Amino acid sequence: MRIDETIAALERVAAREVGRGSEALAAPAAGGLSAAARSLAAGAPDAAVFTGFFIPGAEPPAAETDGPLGAVQIAAALRLLGGRCRLVTDEPCAPVVEAAVAAAAPGLPVDVAPLRGYEEWAAALLPRYGRLTHLIACERAGPGVDGRPRNMRGEDIGAHTAPLDRLYRAGSAFRIGIGDGGNELGMGLLPADLIGRVVASGERIRCVVGADALLVGGTSNWAAAALVGALSLLRPEVPELRTLLKPAWSYDLLTAIVRAGAVDGVRRRPTLSVDGLDWPAYAAPLSEIAELVRAGR
């Protein structure tokens, strides 16, 4: 199988349907994985990865398991490529994101946005972000048509979510969006009527911020794994990338962030699951992604 065909296959596996319309949303974004991977693989990127989706109704409230895992996987891959990377989140999600970094990418910088005093914090960072080559959002809520970030239930979570979209739009960096429900940064690239038809309350929750390349997953973590898989295919001289694709790598990181308080965004409690998927169901696409990369080399 040629590399282009394998990357297309990775894109399809990542978008596997879990009941929220991911396959329909992925159709107009086809080719986004190849565009994102080729842009990152072309040199040594200097990137920021935005993540953290807070679930205020969880017991206890915390960031969800989808997002931080994929964000750290991407960041670790970019460092292996010789690039520089930092994670970006906000105070409510910081404990989970920082635990993910400690477990799988020690030393990776994390910028934590305050909920109060955000404008001053962002203004101080804008010059640095404006010089980055890539801005990547992995399961990060973005503003809807009314300017408010909303979860899949249509609830306004602005009181728990810093407006990181302002940094995500900074400068002339290549912007990559990764999402699974229409309400994440980057999803503004999709037709509004499509999200309205496919996603419950889609017209209300859809994020209006687009991207240069969009990756749609059944879970956002799957799309992040597909991106690392594509990078492995494009940069075969870095075999260490394949380690990040092993399901065991993801299991260990999932365990670490759940211990730090991360919750399943669907079940709203700390379990070793992602978006309502227990480990065996969640891990199946990860295994397929790793096998596609192995066979496609």
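In the block above lies the structure referred to throughout.
Predicted model, so just to flag it, every value in this text is computed and none were measured. For every chain, the first residue of the written sequence is number 1, and numbering continues from 1 onward in sequence order. Residues qualify for local features only when their pLDDT is at least 70, as the model is predicted, and side-chain atom pairs are given and counted only at 80 or more; totals for whole chains, interfaces and linings, by contrast, use all residues. Computation of side-chain values covers all heavy atoms of the structure but excludes hydrogens and water.

Topic: the pairing of strand β5 (residues 110-113)
Residues in a regular strand point their side chains to alternate faces of the sheet. Between buried and exposed lies partly exposed: a residue is buried under 20% and exposed over 50% of the maximum accessible area for its type, with that area taken using a 1.4 Å probe on protein chains only. Helix and strand assignments come from DSSP, with helices taken as H or I runs of at least 4 residues and strands as E runs of at least 2, each series counted from the N terminus. Only one face of β5 is covered, namely the face carrying D111 and A113; the face carrying V110 and V112 is uncovered. Strand pairing is assigned whenever DSSP identifies at least 2 bridges connecting the two strands. Examined bridge by bridge, strand β4 (residues 84-90) and β5 share 4 bridges and lie parallel to one another. Each bridged residue has a counterpart across the sheet, and for V88 the counterpart in β5 is D111. The crossover handedness rule: strands pointing away from the viewer, path from first strand over the helix to second strand clockwise, crossover right-handed. Handedness of the crossover joining β4 and β5 through helix α5 (residues 94-104): right-handed.

Here we look at helix α11 (residues 247-259)
Helix span, expected: 1.5 Å multiplied by one less than the number of residues in the helix. The terminal C-alpha atoms of α11 lie 18 Å apart, and with 13 residues this matches the ideal 18 Å at 1.5 Å per residue to within 8%. Among all positions in α11, only W249, S250, L253, L254, T255, A256, I257 and V258 are buried. Where α11 terminates, the next one or two residues include G261, which has phi positive at roughly 115°.

Some details on unusual backbone geometry
Cis peptide bonds are those with omega within 30 degrees of zero, and the linkage from E59 to P60 qualifies with -5°. Position of P60 relative to the elements: it lies in the loop between β2 (54-55) and β3 (62-63). For S201, which is not glycine, the phi dihedral falls at a positive 60°. Along the chain, S201 falls in the loop between α8 (192-198) and α9 (202-205). A residue is classified by how much of its surface remains accessible, and S201, at 41% relative accessible area, is partly exposed.

Let's talk about helix α4 (residues 68-80)
Taking 1.5 Å of rise per residue, 13 residues should cover 18 Å, and α4 covers 18 Å from first to last C-alpha, within 8% of that figure. Within α4, 11 of the 13 residues are buried, which leaves the element mostly enclosed by the surrounding structure. Positive backbone phi, at 90°, marks G82, one or two positions downstream of α4.

Quick word on the pairing of strand β8 (residues 213-216)
Across the two faces of β8 the burial is the same, with A213 and L215 and L214 and V216 all buried. Two strands pair when backbone bridges link them, and strand β7 (residues 174-179) and β8 are joined in this way by 4 bridges, in the parallel orientation. Each bridged residue has a counterpart across the sheet, and for I178 the counterpart in β8 is L215.

Description of the sheet that holds strand β6 (residues 134-138)
Read from one edge of the open sheet, 6 strands run β5-β4-β1-β6-β7-β8, paired in parallel fashion. In the strand order of this sheet, the two ends are held by β5 and β8, each with one partner. The mean inter-strand angle of the sheet, taken between neighbouring strand axes irrespective of direction, is 20°. As paired strands, β6 and β7 are joined by 5 bridges and run parallel to one another. Across the sheet, H134 pairs through a bridge with F174, a residue of β7. Axes here refer to lines fitted to C-alpha atoms; in helices the fit is confined to the stretch in contact. Angles between the N-to-C directions go from 0 to 180 degrees.

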